[in-house]
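# Structural characterization, general
Below, each chain spelled out in residue letters.
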Amino acid sequence: MSQVFFSSIDSKKHKSPLLKISKLLNRCNPQDFFTKGDLIAVKTHFGEYGNTAFIRPVFLRPVLDILNLLGAKPFLTDTNTLYVGMRTNSVDHLHNATMNGFNYSTLQTPVIIADGLRGDNSVDVPVQGELLSKVMLAAEIASSDGMMVVSHFKGHEVSGFGGAIKNISMGCACRKGKLDMHSDSHPSVVQETCTACGRCLTFCASNAIDMNPKAFITDRCTGCAMCISVCPHSAIQINWNASSATTQKKMAEYAAGVFNALDRKLVFLSIILSVSPACDCYPGNDRPVVADIGFAASTDPVALDKACHDLVIKAYGGNDPFKEKYPNIDSAVQLAHAEKLGIGTADYRLIEVD
Ligand code: SF4
Ligand code: SF4
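Residues numbered from 1 in each chain as written. Chains lettered and ligands numbered in written order. Predicted model: local features only at pLDDT ≥ 70, side-chain atom pairs only at ≥ 80, totals over all residues. Heavy atoms only, no water.

### What about the pairing of strand β1 (residues 2–8)?
- β1 sits mainly inside the fold: five of its seven residues count as buried.
- Summarising the sheet, β1 and strand β16 (residues 348–352) pair through five bridges and their orientation is parallel. Note on β16: the bridge partner recorded for F6 is E352.
- In this structure, β1 lies alongside strand β15 (residues 294–298), joined through four bridges in antiparallel fashion. Looking across to β15, one finds that F6 is bridged to A296. (Buried < 20%, exposed > 50% of the residue type's maximum accessible area, 1.4 Å probe, protein only. Helix = DSSP H or I, 4+ residues; strand = E, 2+ residues; numbered from the N terminus. Pairing = 2+ DSSP bridges.)

Put into structure tokens, the structure is as follows:
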């Protein structure tokens, strides 16, 4: 059984949420995971510009304080997105992070986009999964000495909910890895939108794009997803054709790869506030499905996600708001598969921390 430490947002004593986060993380014994001189990735999600449900930057202050007190050297990090938006390459991504309040002047901590300028700086990490034998992780995450994972717990249109497992799987993969989880095939060109400018051909390392008279992707494609980000007209589309169950299983296998790469040196904090029905990758957000709940921390991402989900269900009167929103998605798949891979257990004890 794993321990999940929880602090409600409610506070009769007007206690600061920052103090609560600090207490929760200290209950996870971060000194057992991080030590002086370690380069520690603080993995979060900077939120697509326009969205306002993402984690407030100030919640990272106690996280960084703990790491600094241990003598570690934290850096804030995320990876570039698969789809075209404000976080498709590291230049736009850093502008986006700055505009949303994640920058050196606000948090006195360097921000590093972990998978390189165009999302292709990655390392392969072996896993013994049911679907995958290797995962393709963002290089700067794989080479860090450990990771503090700060996740916004919310609904998600692909996996039912997105929490700690999603953050260390989709969130730690390079672009090719994200495509690998989302799709069973390579991208395709929308002929009506393509202007035949030829830019994608120059970026395709596999020489997999032919022009006749517009661009089309051949079976030489290796699914690196580079062309998606470089097309100036957004004419190259992802085939979101993997089933939710397959994507969730692959997510769990990517999470296992992160545990392997970082020698299990991970501590998790989840923020259960502004529990929006969909991902923070959208440039907007709908109203939360429940009132603000609080904060939870654990060294076990499976237990943590299960506990957060149970807290949301309880706040929703015993029903699952994500199941109502996405009736065809069984969000338990990611937990069951992660448990099978030895990342953690859904059997947890919730310990309230005042
Ligand atoms: S970069 Fe886009 S518009 Fe240009 S040829 Fe390729 S698919 Fe067509
Ligand atoms: S996904 Fe990669 S390999 Fe496939 S066509 Fe695009 S750039 Fe080429």
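### Brief notes about the pattern of salt bridges
- Taken as a whole, this structure holds nine salt bridges when the rule is applied.
- Between E130 and K249 there is a salt bridge; the shortest N-O distance is 3.0 Å. Of this pair, E130 sits in the loop between β5 (122–126) and β6 (134–138) while K249 sits in helix α10 (residues 244–261), placing them 119 residues apart in sequence.
- Using a relative accessible area of 43% as the deciding quantity, one classes E130 as partly exposed.
- Overall, the relative accessible area of 25% leaves K249 in the partly exposed class.
- K340 is the partner of E130 in a salt bridge, and the nearest nitrogen-oxygen pair spans 3.2 Å. Of the two residues, E130 sits in the loop between β5 and β6 while K340 sits in helix α13 (residues 332–340), which places them 210 residues apart along the sequence.
- One continuous salt-bridge network, built from bridges that share partners, spans K43, E48, D78 and R87. (Salt bridge = Lys/Arg side-chain N within 4 Å of Asp/Glu carboxyl O.)

### What to know about the sheet that holds strand β3 (residues 73–78)
- Spatially, β4-β3-β2-β7-β14-β15-β1-β16 is the arrangement adopted by the eight strands of the open sheet, whose pairing is mixed. Strand pairing shows two members of the sheet lacking a second neighbour, β4 (111–113) and β16, which therefore form its edges. Taken pair by pair, the neighbouring strands of this sheet meet at an average axis angle of 25 degrees, ignoring direction.
- Looking at chain direction, strand β7 (residues 146–152) and strand β14 (residues 266–272) are connected through six bridges and run parallel. Considered in β14, the bridge of H152 is made with I271. (Axes fitted to C-alpha atoms, helices over the stretch in contact; angles between N-to-C directions.)

### Some words on the site of ligand 1
- The immediate surroundings of ligand 1 are formed by 14 residues, with C194, C197, G198, C200 and C231 found nearest.
- In the shell around ligand 1, the residues fall into ten nonpolar, three polar and one charged. (Near = heavy atom within 4 Å. Nonpolar A, V, L, I, M, F, W, Y, C, P; charged D, E, K, R; others polar.)

### A word on the site of ligand 2
- Close to ligand 2 lie P187, C204, S206, I209, I217, C221, T222, G223, C224, A225 and C227.
- Residues of the shell around ligand 2, tallied by class, amount to eight nonpolar, three polar and no charged.

### Quick word on the nonpolar core
- Counting residues in each nonpolar core, the largest one holds 52 residues, and the members touching the most others are M147, I168, L266 and I272.
- What M147 contacts, discounting residues up to four positions off in sequence, is F34, I40, A41, K43, I141, I168, C172, V258, L262, K265, L266 and V267.
- Core analysis: the second largest hydrophobic core is formed by 34 residues, I21, V42, V63 and A72 among them. (Core = buried A, V, L, I, M, F, W, Y, C linked by side-chain atoms within 4.5 Å. Contact = heavy atoms within 4.5 Å.)

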